[in-house]
Amino acid sequence: MTFKPPPLGNEVRLLSLAVVHMLYLFAYPSLPSSGYAKFTIGFDLENPDVTVTVGHAIRLYGDDGKLLPISTVYGDIVSTLNEFAKKYEESSIVRLTLRVYTVENKVVGAAPSGEGVEKLLEEVIRMDFPQNESKPIRADEIRHADLETLITGEENTHKPYAAGLMLVLPKEPVKYNRVETYFSEDYNITINSFDERSSKVLEDFVSRIEHIAKGFRPALTIYFHNLGRFDGLFLLKHLTSNWKGEVRTIMRNNRIYEISVKSGKRVLFRFRDSLNMLRGTLDSLSKNLCPELGHKGFVDHKKVTLQNLESMREELIDYLRKDVLLLGGVMQKAQKRIWDQLEVDIEKKLSLSALALYLFRQKFYEPDKWPIYIPNPNEDRFLREGYYGGHVDTYIPVGEKLHYYDVNSLYPFVMKENIMPTGRPVWHGDLRERDIDSLFGFIRAYVICPRTKNFKRPFLPYRMEDRTLVFPTGKFVGVYFSEELKYAKKIGYTVVPMSGYLFEKGEGSPFKDFVSSLSEKRKEAKKEGNVAMDYVYKILMNSLYGRFGINPESTTTEICDDARLRVLVQTCEKFIYSEPLRQNLNLVAYIKNTNPTSGEWRYKKNAAVQLSAAITAYARIYLYPYISREDAYYTDTDSVVVKHPLPCDVLSPFEIGKLKLEDEIEKARKQAPQRVDRAARLVKKEMVPKREARRRY
């Protein structure tokens, strides 16, 4: 379904009805009364120009093999699109695509009439569901590449018309005339069909890479800027159709991180996405890292057609060469700078967050001094209950002349300054007679939040059954880091420890040198005005804590035949995505490790969730004095909006742990982060009184 005009990602009601409309027209008529089927929702976005598969596959049949009621299916659709809207609320939706996965291929029945569909949609419209309103540098080669495409044919699909490739050596400047190009119209003397010429571009491009890679040890790495959302699928389809060896891919969140190509048992070459290392446009990155290479060119891609490809050849090839040139220059400078300052090679890992963990373990971690324990399944499940996110809340929804402050590197600061849980945890089944001030670890506790007029900013988080995080008053039980419970007691909470895992107190923090080193380098980058490297150091500092709390559930990508695809659709609780690569071959993504009691359950070898949980708890403690002020209007993880300016001694534009003034707001209106129906559930469970629920939501 193509939208004209395109709606925005936050128009959940309209998009949900469009999905149901397509189900009624095309899916349900093809389904038997009993069986098994799922469907995925895909959107083509106008800006950015990407295709997004939304959430997990949605079931059309229940466990009994019968079709689910439309109310159940519609509820799942709305819930899925609400999650999509959080990230893409301002993106324009150009096209909606549904993919239905069934066990049987035969078509049963016929599509209902237009009048019939309208009546069915009226039934759906009457439903009331929650919705959104609104390594050292090697002397060998690294390659950088790019593809250019245009939209062709009745299917309205992108197809490559040009490809570029450039050799990048660590100590040699990149040069415009060293970019090799492959252009579809150069083959028009011998090949009449554009589709065949497009395939020939990719064939020669891959053949050239193969020829170079055969002389390499280890594998040759080729970077694309935006491989994950665009170029990667063209390459994957070509390789799976033409390469005689094995092709593997790594995907996360519908993005291709890597495509590796094997010859025999050896990985010959691999394509990677430079965006996972350096976020931003090529133009902005090159301005900071290699301004001497000039600006990125410009081509109005909407005007590029099959008919004018030949006449635009010079302009298009120049644009392609500049793209590859800038990417080569950016990656070369970033690689050199990170090696010079940190002595790690960015080619070692797929992303900056993975590089952060590698850097910490190789350069800063002292296991004898701070032993980091990897919990077993039972320990992990308990500790993960105490892993909460940042505090997001609206206290006063409307205001004028406000001040918006942000803490400089909040998580790195608390990582550096606070004592972390180390060593092997010891379980204590009854802590009721123990004073919370004598405990260090993660405690299941019974707590009472005061309900006085002077206590307007609840401190301890609570996770609802639907995983929503709230900060309620009243009585409740939860798992918390001991230091957070001690602080809660200090500000007026009643805390009764029940049971939990107690850890050793480390001497200081294992992250002190890691954070200090990177923060100094970030200061230097800021003073130089180097936005790209400033971003690199920021992500290296901020992403380390999350690597320790990585969810055991993991996205797996697989290239499989149709029979395997049918099995995965039926058996995977969280089936995400399938893309046909060629006949009887599909790219499939799904979540595994969803059942901790199964024999296939595997834990991440670096998942020390107690560290991530302690760090986020320390961050909430650190920010609370600011959000508990009478003039606090709003808070979001590491920021606060207040009426009156903060004192100068807590402010600094660079020093981590201090706040900086991000903005002065003339007028503001902010909706509460949770819906009113969540407050009703709190009242029903007697977690908070009705007046408090209404105030908070």
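Keep in mind the model is a prediction, meaning the values are calculated, not measured.

Criteria and thresholds
- Residues numbered from 1 in each chain as written.
- Predicted model: local features only at pLDDT ≥ 70, side-chain atom pairs only at ≥ 80, totals over all residues.
- Heavy atoms only, no water.
- Helix = DSSP H or I, 4+ residues; strand = E, 2+ residues; numbered from the N terminus.
- Buried < 20%, exposed > 50% of the residue type's maximum accessible area, 1.4 Å probe, protein only.
- Areas by Shrake-Rupley, 256 points an atom, 1.4 Å probe, with all protein chains shown as cover.
- Pairing = 2+ DSSP bridges.
- Axes fitted to C-alpha atoms, helices over the stretch in contact; angles between N-to-C directions.
- Parallel < 35°, antiparallel > 145°, perpendicular 65-115°, else oblique.
- Left-handed = near helix turned anticlockwise from the far one by under 90°.
- Contact = heavy atoms within 4.5 Å.
- Phe/Tyr/Trp six-rings, centres within 6.5 Å; stacked < 30°, edge-to-face > 60°.
- Lys NZ or Arg CZ within 6 Å of the ring centre and 35° of its normal.
- Patch = residues over 30% accessible without salt bridge, like charges linked within 9 Å, V, L, I, M, F, W, Y side chains within 5 Å.
- Salt bridge = Lys/Arg side-chain N within 4 Å of Asp/Glu carboxyl O.
- Nonpolar A, V, L, I, M, F, W, Y, C, P; charged D, E, K, R; others polar.
- Expected span 1.5 Å × (residues − 1).
- Polar contact = N/O pair within 3.5 Å; in protein donor to acceptor, adjacent residues only side chain to side chain.

Undergrad: Just checking my understanding: could you explain the overall build of the protein chain for this structure?
TA: Broken down by element type, the protein chain carries 17 helices and 24 strands. Within the protein chain, the proportion of its 697 residues that are buried is 52%. Put simply, the protein chain shows about 33,000 Å² of open surface, and 49% of that area lies on carbon and sulfur atoms.

Undergrad: What exactly am I supposed to notice about the sheet that holds strand S21 (residues 585-592) here?
TA: Each strand in a sheet pairs with its neighbour through backbone hydrogen bonds, running either in the same direction (parallel) or in the opposite one (antiparallel). Across the sheet, three strands lie side by side as S19-S21-S20; this open sheet has antiparallel pairing. Two strands bound the open sheet, and with one partner strand each, they are strand S19 (554-560) and strand S20 (574-582). For this sheet, the mean angle separating the axes of adjacent strands, direction not counted, is 15 degrees. Taken together, the seven bridges between S19 and S21 define a ladder with antiparallel strand orientation. Across the sheet, Ile559 pairs through a bridge with Leu587, a residue of S21.

Undergrad: Got a minute to help me understand the pairing of strand S12 (residues 398-407) in this structure?
TA: Look at any regular strand and the pattern is simple: side chains alternate between the two faces of the sheet. Here S12 pairs with strand S24 (residues 659-669) via nine bridges, running antiparallel. Residue pairing in the sheet places Tyr405 in a bridge with Leu661 of S24. One ladder, built from four bridges, connects S12 with strand S23 (residues 639-642); its direction is antiparallel. Bridge pairing in S23 links Tyr404 to Val641.

Undergrad: Would you mind showing me how to read the packing of helix H8 (residues 352-364) against helix H12 (residues 512-528) here?
TA: Axes are the key here: two packed helices are described by the angle between their axes and the distance separating the axes. The N-to-C vectors of H8 and H12 enclose an angle of 115 degrees; their axes lie 10 Å apart at closest approach. Classified by the angle between their axes, H8 and H12 sit roughly perpendicular to one another. Considering only the axes of H8 and H12, their crossing is right-handed. The residues of H12 that touch H8, namely those facing Ala356, Leu359, Phe360 and Phe364, are Asp513, Phe514, Ser517 and Leu518.

Undergrad: Before we go on, may I ask you to explain the packing of aromatic side chains in this structure?
TA: Ring pairs (aromatic) are described by centroid distance and by the angle formed between their planes. Evaluation of the coordinates by the stated rule reveals 30 aromatic pairs. Geometrically, the ring pair formed by Tyr24 and Tyr28 is tilted, given 5.9 Å between the ring centres and 40 degrees between the ring planes. Per residue, the accessibility class of Tyr24 equals that of Tyr28, and both read buried. An angle of 50 degrees between the planes, with centres 5.0 Å apart, marks the rings of Phe43 and Phe84 as tilted. Taken together, the residues Phe43 in strand S1 (residues 37-45) and Phe84 in helix H2 (residues 70-88) connect sequence positions 41 residues apart. On the accessibility criterion, Phe84 (5% relative accessible area) is buried. Through a chain of ring-to-ring contacts, the aromatic side chains of Tyr182, Phe205, Phe224, Trp243, Phe269 and Phe271 assemble into a single cluster. Directly above the aromatic system of Tyr176 lies the positively charged group of Arg321, at a separation of 5.5 Å from the ring centroid. The ring centre of Tyr395 lies 4.3 Å from the NZ or CZ of Arg457, which sits over that ring.

Undergrad: Help me understand a nonpolar patch on the surface, please; the structure alone is not making it clear to me.
TA: A cluster of nonpolar residues, Tyr446, Val477, Val496 and Met498, forms a patch on the protein surface that exposes about 260 Å² of accessible area. Tracing the chain through its elements places Met498 in strand S18 (residues 494-505). You can call Met498 partly exposed: its relative accessible area is 30%.

Undergrad: Can you walk me through the packing of helix H10 (residues 410-417) against helix H15 (residues 609-627) in this structure?
TA: Look at H10 against H15: their axes get within 9 Å of each other, and the N-to-C directions meet at 105 degrees. It follows from the interaxial angle that H10 and H15 lie roughly perpendicular. For the pair H10 and H15, contact is made by Leu410, Tyr411, Phe413, Val414 and Met415 and by Ile615, Thr616, Tyr618, Ala619 and Tyr622, respectively. Classifying every residue of the contact of H10 with H15 by side-chain character gives nine nonpolar, one polar and no charged.

Undergrad: Where do I start with the sheet that holds strand S3 (residues 93-102) in this structure?
TA: Strand order in the open sheet formed by three strands is S2-S1-S3, and the pairing between neighbours is antiparallel. Of all strands in the sheet, those bounded by a partner on one side alone are strand S2 (51-59) and S3. For this sheet the average axis-to-axis angle between neighbouring strands, irrespective of direction, equals 20 degrees. Across six bridges, the pairing between S1 and S2 is antiparallel. Following the sheet pairing, Phe43 is matched in S2 by Val52. Across the face of the sheet, H2 comes into contact with S1, S2 and S3 while running at roughly 155 degrees to S2.

Undergrad: So what exactly am I meant to see when it comes to helix H7 (residues 313-342) here?
TA: An α-helical turn contains 3.6 residues, so a residue and the one three or four places further along point in the same direction. End to end, H7 covers 43 Å across 30 residues, agreeing with the expected 44 Å (1.5 Å per residue, within 8%). Remark: Glu343 follows H7 within two positions and exhibits a positive phi of approximately 60 degrees.

Undergrad: Could you clarify how one ought to interpret H15 in this entry?
TA: The terminal C-alpha atoms of H15 lie 26 Å apart, and with 19 residues this matches the ideal 27 Å at 1.5 Å per residue to within 8%. Among the 19 residues that make up H15, 17 are buried, leaving the element largely enclosed by the rest of the structure.

Undergrad: Looking at this structure, how should I read the environment of Tyr404?
TA: On the secondary structure map, Tyr404 appears in strand S12. Classification of Tyr404 as partly exposed rests on a relative accessible area of 27%. Tyr404 sits 255 residues away from Leu659 along the chain, and the two C-alpha atoms are 9.8 Å apart. Filtering out sequence-adjacent residues up to four positions away, Tyr404 remains in contact with Ser639, Val640, Val641, Lys660, Leu661, Glu662, Asp663 and Ile665.

Undergrad: Teacher, can you tell me more about the environment of Asp561 here?
TA: Position of Asp561 relative to the elements: it lies in the loop between S19 and helix H14 (562-571). Residue classification places Asp561 among the partly exposed positions, given a relative accessible area of 34%. For the pair formed by Asp561 and Asn584, sequence separation is 23 residues and the distance between their alpha carbons is 5.0 Å. Setting aside chain neighbours within four positions, we find Asp561 in contact with Asn584 and Asn586.

Undergrad: Can you walk me through the pattern of salt bridges in this structure?
TA: Two side chains with opposite charge may pair up if their charged atoms get near one another. In this structure the tally under the stated criterion is 42 salt bridges. For Lys658, the salt bridge goes to Glu655, with nearest N and O atoms at 3.8 Å. A residue is classified by how much of its surface remains accessible, and Glu655, at 38% relative accessible area, is partly exposed.

Undergrad: Looking at this model, I keep getting lost on the side chain of Thr616. Mind explaining?
TA: Positionally, Thr616 belongs in helix H15. Separated by 3.0 Å, the side chain of Thr616 and the backbone oxygen of Ala613 make a polar contact. Leaving out residues up to four positions away in the same chain, Thr616 has contacts with Tyr387, Tyr388, Tyr411 and Tyr545.

Undergrad: For this particular structure, what's the right way to read unusual backbone geometry?
TA: The bulk of non-glycine residues show a negative phi, and the bulk of peptide bonds are trans. In this structure, Pro5 follows Lys4 across a cis peptide bond, with omega equal to -5 degrees. Backbone geometry at Asn226 places phi at a positive 85 degrees, although glycine is not the residue there. Within the secondary structure layout, Asn226 lies in the loop between strand S7 (220-224) and helix H5 (227-242). Overall, Asn226 belongs to the partly exposed group, its relative accessible area being 22%. Its identity as a non-glycine residue notwithstanding, Ser409 has a phi of 50 degrees, on the positive side. Note that Ser409 resides in the loop between S12 and H10.

Undergrad: What exactly am I supposed to notice about the environment of Phe440 here?
TA: Along the chain, Phe440 falls in the loop between strand S13 (421-428) and strand S14 (441-449). Those residues in contact with Phe440 that lie beyond four places of it in its chain are Ile419, Met420, Pro421, Phe481, Ser482, Glu483, Tyr501, Leu502, Phe503, Glu504, Lys505 and Tyr618.

Keep in mind these values describe shape, not function.
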